[in-house]
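# Observations on the three-dimensional arrangement
Given next are the chains, with one letter for each unit.
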Amino acid sequence: MEQHDPDRRHLIATLSAAGLAALALPRDALAQAEPLPLTPSCGAPAAATKRQTEGPFFTPASPAKADLRGDGPGDLLVLSGFVLTRTCRPVPGALLDLWHADSAGAYDNAGFRFRGHQFSDAQGRYQFVTRVPGLYPGRTRHFHVKVRAGNGPVLTTQLYFPEEAANARDGIFDRSLLMRLSPAQGGRLGRFDFVIAA
Ligand SMILES: [Fe+2]
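Here we summarise the structure given alongside this text. Being a predicted model, the structure only gives us computed values, none of them experimental. Every residue gets a number counted from 1 within its own chain, in the order that chain's sequence is written. The predicted origin of the model limits local features to residues at a pLDDT of at least 70 and limits the giving and counting of side-chain atom pairs to 80 or more, whereas totals for whole chains, interfaces and linings rest on all residues. The basis for the side-chain values is all heavy atoms of the structure; hydrogens and waters are excluded.

### Considering the pairing of strand β8 (residues 187–191)
Worth spelling out the cut-off: Exposure classes here rest on a 1.4 Å probe applied to the protein chains alone. A residue is buried below 20% of its type maximum, exposed above 50%, and partly exposed in between. What counts as a helix is a DSSP run of H or I of at least four residues, what counts as a strand is a run of E of at least two, and both are numbered from the N terminus. Two strands pair if DSSP finds at least two bridges between them.
By the criterion of burial, β8 is predominantly enclosed, with four of the five residues buried. Where strand β1 (residues 76–85) lies against β8, five bridges are found, and the strand directions are parallel. Note that in β8 the partner of V78 across the bridge is L189. As judged from the five bridges shared by strand β7 (residues 180–184) and β8, these two strands associate in the antiparallel manner. Across the sheet, the residue bridging to A184 is G187, located in β8. With antiparallel pairing between neighbouring strands as the criterion, β7 and β8 make up a hairpin whose turn holds two residues, including G186 at a positive phi of roughly 80°.

### Structural notes on the coordination of the iron ion
In an ideal octahedron of six donors the angles at the metal are 90 or 180 degrees, and in an ideal tetrahedron of four donors they are 109.5 degrees. Formally: Here a donor is any nitrogen, oxygen or sulfur atom (N, O, S) within 2.8 Å of the metal, with 3.2 Å used for Na, K and Ca; water is not among the atoms considered, so some sites may look incomplete. Key to geometry: four donors with every angle between 85 and 135 degrees are tetrahedral; four donors are square planar and six octahedral where opposite donors lie over 155 degrees apart and all remaining angles lie between 65 and 115; all other sites are irregular.
The iron ion binds to the protein through Y107 (OH), Y136 (OH), H142 (NE2) and H144 (NE2); the donor distances cover 1.9 to 2.1 Å. Metal-centred angles of 93 to 152° between the four donor atoms at the iron ion mark the site as irregular.

### Re the sheet that holds strand β3 (residues 115–119)
As a reminder, the rule being used: Axis angles are defined between N-to-C directions and span 0 to 180 degrees, where every axis is a line fitted to C-alpha atoms and, for a helix, only to the segment in contact.
Strand order across the open sheet formed by four strands is β3-β2-β5-β6, with antiparallel pairing between neighbours. The open sheet terminates on both sides in strands that have one partner only, identified here as β3 and β6 (154–160). Taken pair by pair, the neighbouring strands of this sheet meet at an average axis angle of 20°, ignoring direction. With five bridges connecting them, strand β2 (residues 95–99) and strand β5 (residues 142–148) associate as antiparallel partners. Residue pairing for β5: W99 is matched across the bridge by H144.

### Some thoughts on the packing of aromatic side chains
For clarity, the cut-off: Any two rings among Phe, Tyr and Trp, with Trp reduced to its six-membered ring, count as a pair given centres within 6.5 Å; such a pair is stacked if its planes are under 30 degrees apart, edge-to-face if over 60, and tilted if neither. Counting as a charge over the ring demands two things of the Lys NZ or Arg CZ atom: a distance within 6 Å of the ring centre and an angle within 35 degrees of the ring normal.
Under the defined criterion, the tally for this structure stands at nine aromatic pairs. The interplanar angle of 80° and the centroid separation of 6.3 Å between the aromatic rings of F57 and Y136 together place this pair among those described as edge-to-face. Placement of F57 in the loop between α2 (26–31) and β1 and of Y136 in the loop between β4 (125–131) and β5 is noted, with a sequence separation of 79 residues between them. Using a relative accessible area of 25% as the deciding quantity, one classes F57 as partly exposed. Their ring planes at 50° and their centres at 5.6 Å tell us that Y126 and F194 sit as a pair that is tilted. With Y126 in strand β4 and F194 in strand β9 (residues 194–196), the pair connects residues that are 68 residues apart, well separated along the chain. F194 shares its class with Y126; the two are buried. Through successive ring pairs, a cluster of aromatic residues spans Y126, F128, F192 and F194. Positioned over the ring face of F58 is K146, at 4.7 Å from the centre of the ring.

### Some thoughts on unusual backbone geometry
Negative phi is the rule for most residues except glycine; trans is the rule for most peptide bonds. The phi dihedral of A61 is positive, around 60°, even though this residue is not glycine. Overall, the relative accessible area of 68% leaves A61 in the exposed class. The phi angle at E163 is positive, at roughly 60°, despite the residue not being glycine. Checked against the element boundaries, E163 lands in the loop between β6 and β7.

### Some words on the pattern of salt bridges
Counted only if it meets this: A carboxyl oxygen of Asp or Glu within 4 Å of a side-chain nitrogen of Lys or Arg is what we treat as a salt bridge.
In total, this model carries ten salt bridges according to the counting rule given. Where R69 meets D67, a salt bridge forms, and the shortest distance between an N and an O atom there is 2.1 Å. The class for D67 is partly exposed, based on a relative accessible area of 33%. For R141, the salt bridge goes to E164, with nearest N and O atoms at 2.9 Å. Placement of the pair is R141 in the loop between β4 and β5 and E164 in the loop between β6 and β7, with a sequence separation of 23 residues. Take R141 and E164: they sit in the same class, and that class is buried.

In structure tokens form, the structure reads like this:
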């Protein structure tokens, strides 16, 4: 049971600390961003994160859970970022609901494996610890997410993995929704900042 292994616990702590360390300040974090067009700029109003189809596998009322790594096997991935307004102001208390396939490309449509929600913290930050989803027919590798700031509209979208061969064959794939991925010891760090239209 890898979640009980002390080395693995240390790894998670390291990954989580690295993920949050990169989020110390929005401007600093954005300044470190690689030149992908998805990254919001603090100098001018940023484009809101694009909406995408919900897909057929959303289950409402997911558990409040940011740590999904116990939900099945697969490579660890710490996904973190900010929820921001178009003028780059962090949005605290925003709902983020994540759901994705397991490492075999299957969704749990009876329960809540690899499904959970959290709220952004006082600095607008969020962080999920999860595992890399598998591929399923017709789609490239992706996460599904819904983001809602206060009582505003729900942003439903998907996040994608760079350097994924199937991106080029997926008609839903959108380059602006690529995560930034970086290797970390024993896993990967993913970064994506959501920009709310309101
Ligand atoms: Fe999907």
